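Residues per chain are reported as follows:
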Amino acid sequence: MASDDPFDEDNPFGGLPFLGDLGKIFNSQGPIAWDMARQFAHQIATEGKSEPNVDPIQRAELAELARVAELPVTNITSLQVGALGRPLSIEAATRAEWAYATLDAYQPLLNRLAERLTKGTLPSDVPDAEAQILDGLLKALNPMMMAMSAGSIAGHLATTAFGSYALPIPRPEDRILILVDNIKLFAEEWSLPSNDVQLWVCISEMATHSVLSIPHIKTAFEQLLQRYVDGFQTDPRGFEDRFMDLDIGSGDPADLQKQLQSALGDPENLLGALRSDAQSGVIPDLEALLAVVVGYVDYVVERVAQGLLSSYDSLSEVVRRRRFTTSAGDKFVEKLFGVEITSELVDRGSAFISGVLDRADEATLARLWNDSEALPTPNEVDAPGLWLARIDLPELDQD
């Protein structure tokens with residue numbers, strides 16, 4: 001029998017039992033309602049339209065281009081394109097398939113974020129009765145809201161991404177998904193050979209995967225990303241303001257669901273997530289690692305692509321322009337995970353790589369990936385001579 005107490009723990013919404021029941025359903029799936037997340041991602045990725053399978057001819061062409069890219073990438077990096085020497089699978093994917101795989105890859109990080117965002121502290125001026133309602137509201141709706149936001153993130157990225165590493169976040173398996181239809185549209189828009197763009201993407205994705213699959217690099221990234229996510233503070237009042245804008249008078253669950261999707265489906269509505277001082281302490285190390293990885297991948301792509309692509313000059317300019325003219329949605333996702341790729345960060349990484357090669361050689365540059373102690377500090381990224389001096393100190397002492 002339902003309690004008449006408006007602050008009953010089992011029904012924190014008092015006169016809104018529908019929300020209480022809905023909250024129980026979604027909470028049963030954990031911090032995020034993943035079934036809903038996949039549905040939402042599919043809807044956004046496909047724009048609600050039927051999506052055909054990738055043409056077998058496109059799959060065969062991509063496989064051939066991947067074989068062309070693999071050897072030169074391996075020769076320059078001296079790294080295995082697959083983790084621990086396992087074969088790397090490069091597959092053409094639809095937007096929906098890409099979105100599903102991205103949700104799976106980001107699930108640990110998104111779960112961690114969801115758990116963090118339910119631990120917000122209400123302002124001291126909130127009355128006890130209101131605080132109790134708000135607390136129940138957050139606990140009940142957070143799995144649904146996070147599902148909409150996670151689905152929105154994956155679905156939105158699927159509409160613009162070229163490959164798995166639309167964001168430089170480590171993936172859990174030796175598989176790269178290439179969005180051939182997105183590449184084709186991009187090539188047509190800029191009057192570029194589609195095969196050249198696909199080969200460029202294969203080179204970039206392989207180089208990125210090679211670096212991010214190195215165990216200590218992957219661990220370093222994951223630890224920094226976790227610390228960044230853990231640093232979020234929440235403003236439940238911001239969530240309350242958005243919730244109070246909902247029209248619940250009709251009592252129609254379908255209508256309320258549409259309103260919730262509209263209000264909460266935008267990633268920027270993640271329970272009023274606010275950056276904190278704790279995150280400020282993580283950003284220098286995270287940006288230093290990002291700069292080095294991005295700078296190194298760009299170097300590898302340039303070295304390989306110059307010798308393989310007839311349209312290299314025009315393609316490199318267009319790709320650079322695209323990198324820095326992303327939508328507000330793309331930029332938000334980058335900021336949400338702390339992996340914002342700005343022109344300043346790219347230039348910083350490029351300057352570090354150039355600085356090392358001006359003083360040493362590719363073999364020395366490759367020592368970046370030897371072990372965690374070889375990774376440059378933020379100061380060393382800005383002064384590559386300091387990094388070279390530090391990694392060579394043991395040899396000098398032996399002399």
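Everything that follows concerns the structure shown earlier in this document.
The following paragraphs examine the structure supplied in this document. Residue positions within a chain follow its written sequence, with the count starting from 1. Two thresholds apply to this predicted model, a pLDDT of at least 70 for residue-level local features and 80 or more for giving and counting side-chain atom pairs, whereas whole-chain, interface and lining totals are computed over all residues. For the side-chain quantities, the full set of heavy atoms in the structure was used; hydrogens and water were omitted.

Our focus in this paragraph is the overall build of the protein chain. Broken down by element type, the protein chain carries 17 helices and two strands. Within the span of the protein chain, comprising 399 residues, buried residues form 50% of the whole. Strands are runs of DSSP state E lasting at least two residues, helices are runs of H or I lasting at least four, and both sets are numbered from the N terminus onward. Using a 1.4 Å probe on the protein chains alone, a residue whose accessible area is under 20% of its type maximum counts as buried, one over 50% counts as exposed, and one in between counts as partly exposed.

Let us now look at the packing of helix α4 (residues 95-117) against helix α8 (residues 215-230). Axes are the key here: two packed helices are described by the angle between their axes and the distance separating the axes. Interaxial angle, 0 to 180 degrees, is taken between N-to-C directions of lines fitted to C-alpha atoms, where a helix line uses only the stretch in contact. Contact geometry of α4 with α8 gives a least axis separation of 9 Å together with a crossing angle of 25°. The angle between α4 and α8 places the two elements in the roughly parallel class. Every pair of crossing elements has a handedness; the one defined by α4 and α8 is right-handed. For the pair α4 and α8, contact is made by Leu-109, Arg-112, Leu-113 and Arg-116 and by Leu-225, Gln-226, Val-229 and Asp-230, respectively. A breakdown of the residues in the contact of α4 with α8 according to their chemical character gives four nonpolar, one polar and three charged. Should an angle fall under 35 degrees it is taken as roughly parallel, and over 145 as roughly antiparallel, whereas 65 to 115 is taken as roughly perpendicular and any remaining angle as oblique. Put simply, a crossing is left-handed when the front helix is turned counterclockwise from the back one by less than a right angle, and right-handed when it is turned clockwise. It only takes one pair of heavy atoms within 4.5 Å for two residues to be counted as in contact. Gly counts as polar in this scheme, as do all residues outside two lists: the nonpolar Ala, Val, Leu, Ile, Met, Phe, Trp, Tyr, Cys and Pro, and the charged Asp, Glu, Lys and Arg.

Any carboxyl oxygen of Asp or Glu that lies within 4 Å of a side-chain nitrogen of Lys or Arg is treated as forming a salt bridge with it. Counted by the stated rule, this structure contains 11 salt bridges. In this structure, Asp-298 engages Arg-323 in a salt bridge whose closest nitrogen and oxygen atoms are separated by 3.0 Å. Residue Asp-298 is found in helix α11 (residues 277-308), and its partner Arg-323 is found in helix α12 (residues 312-323); the two are separated by 25 residues along the sequence. Overall, Asp-298 belongs to the partly exposed group, its relative accessible area being 27%. A salt bridge links Arg-321 to Glu-317; the nearest nitrogen and oxygen atoms lie 3.8 Å apart. Taken together, the residues Arg-321 and Glu-317, both in helix α12 and four residues apart, mark about one turn of the helix. Since its relative accessible area comes to 41%, Arg-321 is described here as partly exposed. Through salt bridges with shared partners, one network takes in Glu-91, Glu-173 and Arg-175.

Further remarks concern the packing of aromatic side chains. The aromatic pairing rule takes the rings of Phe, Tyr and Trp, using the six-membered ring of Trp, and pairs them if the centres are within 6.5 Å, calling planes under 30 degrees apart stacked, those over 60 edge-to-face and the rest tilted. Per the counting criterion, the structure on display carries six aromatic pairs. Ring geometry for Tyr-296 versus Tyr-299: centroids 6.5 Å apart, planes at 45°, classification tilted. Pair noted here: Tyr-296 and Tyr-299 are both in helix α11, with a separation of three residues, about one helical turn. For the pair Tyr-296 and Tyr-299, one class covers both residues: buried. Ring centres of Phe-352 and Trp-387 lie 5.6 Å apart, and the angle between their planes is 65°; on these two criteria the pair is classed as edge-to-face. Of the two residues, Phe-352 is situated in helix α14 (residues 343-359) and Trp-387 in helix α17 (residues 384-398); the sequence distance between them amounts to 35 residues. Using a relative accessible area of 0% as the deciding quantity, one classes Phe-352 as buried.

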